[in-house]
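Observations on the model geometry
So you can see what is in the structure, the chains are spelled out below.
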Amino acid sequence: MASSGNMALNQQSPNMPLNQSSQNMPLTQSSANLQQLMKPTTPAQQLMNPASANTQHPASANPHHLVNPIPTDGQKLINPTPANMQQLMHPNSAYDQQLMNPNTGYNQQLMHPNSGYDQQLMNSHPAGIMHQLLKPSSGGMQIKPAPSMQQLIKSDRLMFASSDDNAMSKQIQSTHTPDGREFNVKPLLYIVEDIFNRAAPTIDNLSLTPVTPQGRAEPLDDRNYTTGLITMLESLAYVIDRVASEIAYKCSSGTGDAHATTMSILNMLSNYPWDAKLVIALAAFAMNYGEFWLIAQNYTSNQLAKAVAILKQLPDLLEHSSILKPRFDAVKSLIKVMIDIARCIVEFKELPPNYISTDVTALSTAVAHIPIAVYWTVRSIVACASQITGLIGLGHEHIVSTTEAWELSSLAHKLSNMHSHLANQLGICYKHIDEKKHLETYQNLLHLFEMAHLDNMRVLKALIYAKDDQLPLVEGTTKRRVNIEVLRRKNVLLLISDLDIMQEEIAILEQIYNESRLHPSRHESQYEIVWLPILDPAAPFTENLQQKFENLQSGMSWYSIYHPSLIDRAVIKFVKQEWHFGKKPILVVLDPQGRVTSPNALHMMWIWGSLAFPFTTIREEALWKEESWRLELLVDGIDPIVLNWMQEGRYICLYGGEDLEWIRKFTNTARAVAQAANIPLGMVYVGRSNPKERVRKNISSIIVEKLSHYWEDLTSIWYFWVRIESMWRSKNQLRKTSENDPLMKEIMTMMSFDSSEGGWALFTRGTDEMIKAKGNIFLTCLTDYTIWKDDIQQKGFMPALKDHLKTLHPEHHCNRLILPGAAGMIPERIVCSECTRPMERYLLYKCCDE
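Report on the accompanying structure. (Residues numbered from 1 in each chain as written. Predicted model: local features only at pLDDT ≥ 70, side-chain atom pairs only at ≥ 80, totals over all residues. Heavy atoms only, no water.)

Looking at the sheet that holds strand β7 (residues 596-598)
Spatially, β2-β1-β5-β4-β3-β6-β7 is the arrangement adopted by the 7 strands of the open sheet, whose pairing is mixed. A single partner strand is all that each edge strand has here, and the edge strands are β2 (481-482) and β7. Here strand β1 (residues 473-474) runs beside strand β5 (residues 559-561); their pairing, made up of 2 bridges, is antiparallel. Of the residues in β5, the one forming a bridge with L473 is I561. Contacts between helix α22 (residues 503-517) and the sheet are confined to β3 (491-497) and β4 (527-533), with β4 contributing the most and set at about 150° to the helix. Contacts from helix α23 (residues 543-554) reach β1, β4 and β5, with the element oriented near 170° to β4. (Pairing = 2+ DSSP bridges. Helix = DSSP H or I, 4+ residues; strand = E, 2+ residues; numbered from the N terminus. Contact = heavy atoms within 4.5 Å. Axes fitted to C-alpha atoms, helices over the stretch in contact; angles between N-to-C directions.)

This is the structure:
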């Protein structure tokens, strides 16, 4: 195979004179007419023009020799017969149709995204990339192209068709002999992009009228004028100028075809890495391209530009702007794809080697394809440059059809396929790097929580935001952003939730937190709360979510993270796996040294508030030792009226459920019994957990009918039940069961009441035992008052009520217990709080949105 510099035949423009021997020989009129007939007038005819230095014979005065040139240097030339000549010259000839029809032959392969070329391009073996382009042609011919872009590309098709793919790949690789120099070419690429962006966006925007200040683009970004860029340009300026000169000379003189010019540029840049080769070539083209448009944009407003434009025949060109538009639109599209590929290749160069290597298939595949991508991008640079130089040299006469625009579009399609493939591999590489970083961060978190620290800064920075480039926290009362240093050596309670955290939870926690701030010197007030919203990192953060986040954040008086994006994906995984965060909020407690003293102290906060500080397991066990099953445990901090009733010595009844008819019967009957027994009775409706519309309607009826005392604020009802649930969580976390802990048995009975469909009631007085039962049983007991009323004088009201309830207990019963799904560890065995027999276990998925 010929070397890169001699691959193509010697070329000569069809507009250039005949060789010297022909010029010294007079032409007959018939030969002159035939020579005029042979002059190409269409793109297809230009391509097939045999009139070149290599095809003309000294005896060119003879028309026969013009039609039947003698092959030289072993080259296979076309020997047109009269039939062949007629076929070539006819505008609808089979060859011309094949060339111009995008659905035939090579064109179909080139333009179709699933063509053999594209499929082989995507193959990880670079040796198979060029197979379709390098498939030998049936004619085996070589022709001498004219210097127009259309002819250059078409001649290359035929030239490549006589080669093989392995040789082509080797030829491209043979130009690459890097000397180890490395360049950060991204700043140079910024400038190149800026030049292309500022060069007339469309042909319609050419400076046919003077440029106004409003029409100017924004100043070039200062990031491009760094010291490193200036230093780099000092070392690259010479080679950029050389490449620019090479492109301008080859594309204007017709001394080389597109492939030969491309290989010449690659040889000039042989010592540079692939990304630098491409950016340097783009910079060289941008110089020429920018100069052209600088004159075109300013020739009407600047006399110097006008004079140069006249020499370059630009005013004449601009008069034909409507014809130029397809051409320049195609150039613009091709430049965009070239820039896309350059960005992609530069990004591959910047991949961190400590997170990825060529052992990763995606990277090795990309590395194998980058040389071909660079070749075709430089080849496209040559194509664009040929358009510009061709216009400057030949003026509007060079504009003959939209065929050349189609040729540029075909190159754009080819590069677009390459870019899609490289971008896909780059995405896989980024995902691999992200997973490596994610694993590294996760392992670092595990290690941090196993270490001893002087303070909590390393731990908090790893959890909240590891960088120092912005303030990650928002202070609750002032809403100003603050540094994480405000938490140094403090007890930090991490409130971890998603954006569906209930307003009731925020309201109660707000009350407890604000009460602790009233006495800042107290030991139990020495903590700070920080809200960490944990979201799905794979889900898009929409405007609705942003608004929801801001609404929640605005209602919190403690610290919160500035934005959920500041929480790393590895932290989200750590919180879910190590701290068992699911759906319901948790409150992780860190001591001043960053150690976890409680994986979830929220249940302690609900039960005892700030008295549970410092929220350790030891403190939790100590608080339970001081507790007994009493009314204060159920209603403390919820309703002072109930506590006042206790001080007054009243009998107190708590009742709940959603059956309004039962509520009417029970309250009326209970009041009648209290009146008959001459006892003071206070009754309060506590609804159900997760109170919804039915509870709200029941409260309205209770108010209108004056049935009993009530908690109008549904938050109080929610808090009553969440405290009971928190008691179960706490006991369960301490490995307590209804079999070995009396309080756990009472707690589970209350939870089974709430799980049932009917009502329930609880009677107590002061420190007396609390008597409770399901609604129908309790109502029956009160209805039977005349049966057990005589026992009151002997036993007392509470013992008489309890004894009669025992007689009404059914032989067969069905208790239902719904445990919170996000409770952490769910016991395998739970016994009934009434009969102590093991309960059957079911899975319940419940959605109740009234």
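From this point, the discussion proceeds with the structure in view.
Here we look at helix α33 (residues 775-783)
Every buried residue of α33 is accounted for by G775, F778, L779, C781 and L782. Taken end-on, α33 shows its buried residues confined to a sector of 160°, consistent with a single buried face. Among the exposed residues of α33, those pointing more than 90 degrees away from its buried face are N776 and T783. Buried positions along α33 lie against α29 (660-677), β11 (760-764), β12 (771-774), α34 (785-788) and α36 (797-807). (Buried < 20%, exposed > 50% of the residue type's maximum accessible area, 1.4 Å probe, protein only. Arc of directions from axis to C-beta.)

With respect to the nonpolar core
Core analysis: the biggest nonpolar cluster contains 100 residues, and F615, L634, L654, Y655, F666, F720 and F797 have the highest contact counts within it. When residues of this core are assigned to their parent elements, the largest contribution, 10 residues, is made by helix α31 (residues 714-733). Once residues within four sequence positions are removed from consideration, F615 is found in contact with L493, Y527, V589, T597, S598, A601, M604, M605 and G609. A199, V243, I247 and I265 belong to the second largest nonpolar core, which has 89 residues in total. (Core = buried A, V, L, I, M, F, W, Y, C linked by side-chain atoms within 4.5 Å.)

Observations regarding the packing of aromatic side chains
Two numbers describe a pair of aromatic rings. These are the distance of the centres and the angle of the planes. Counting across every chain of the model gives 35 aromatic pairs. When the centroid spacing of 5.8 Å and the interplanar angle of 85° are considered together, the rings of W721 and W760 count as edge-to-face. Placement of the pair is W721 in helix α31 and W760 in strand β11, with a sequence separation of 39 residues. Three or more aromatic residues joined by ring pairs make a cluster, and in this case those are Y651, Y655, W662, F666, Y685, F763, F778, Y785, W788 and F797. (Phe/Tyr/Trp six-rings, centres within 6.5 Å; stacked < 30°, edge-to-face > 60°.)

Examining the pattern of salt bridges
Counted according to the given criterion, the structure contains 33 salt bridges. The salt bridge involving K584 is made with E725; its shortest N-O contact spans 3.1 Å. Separated by 141 residues along the polypeptide, K584 in the loop between α24 (569-578) and β6 (586-590) and E725 in helix α31 bring together distant segments of the chain. A relative accessible area of 34% places K584 in the partly exposed class. Residues participating in the shared-partner salt-bridge network are E193, K336, D340 and R343. (Salt bridge = Lys/Arg side-chain N within 4 Å of Asp/Glu carboxyl O.)

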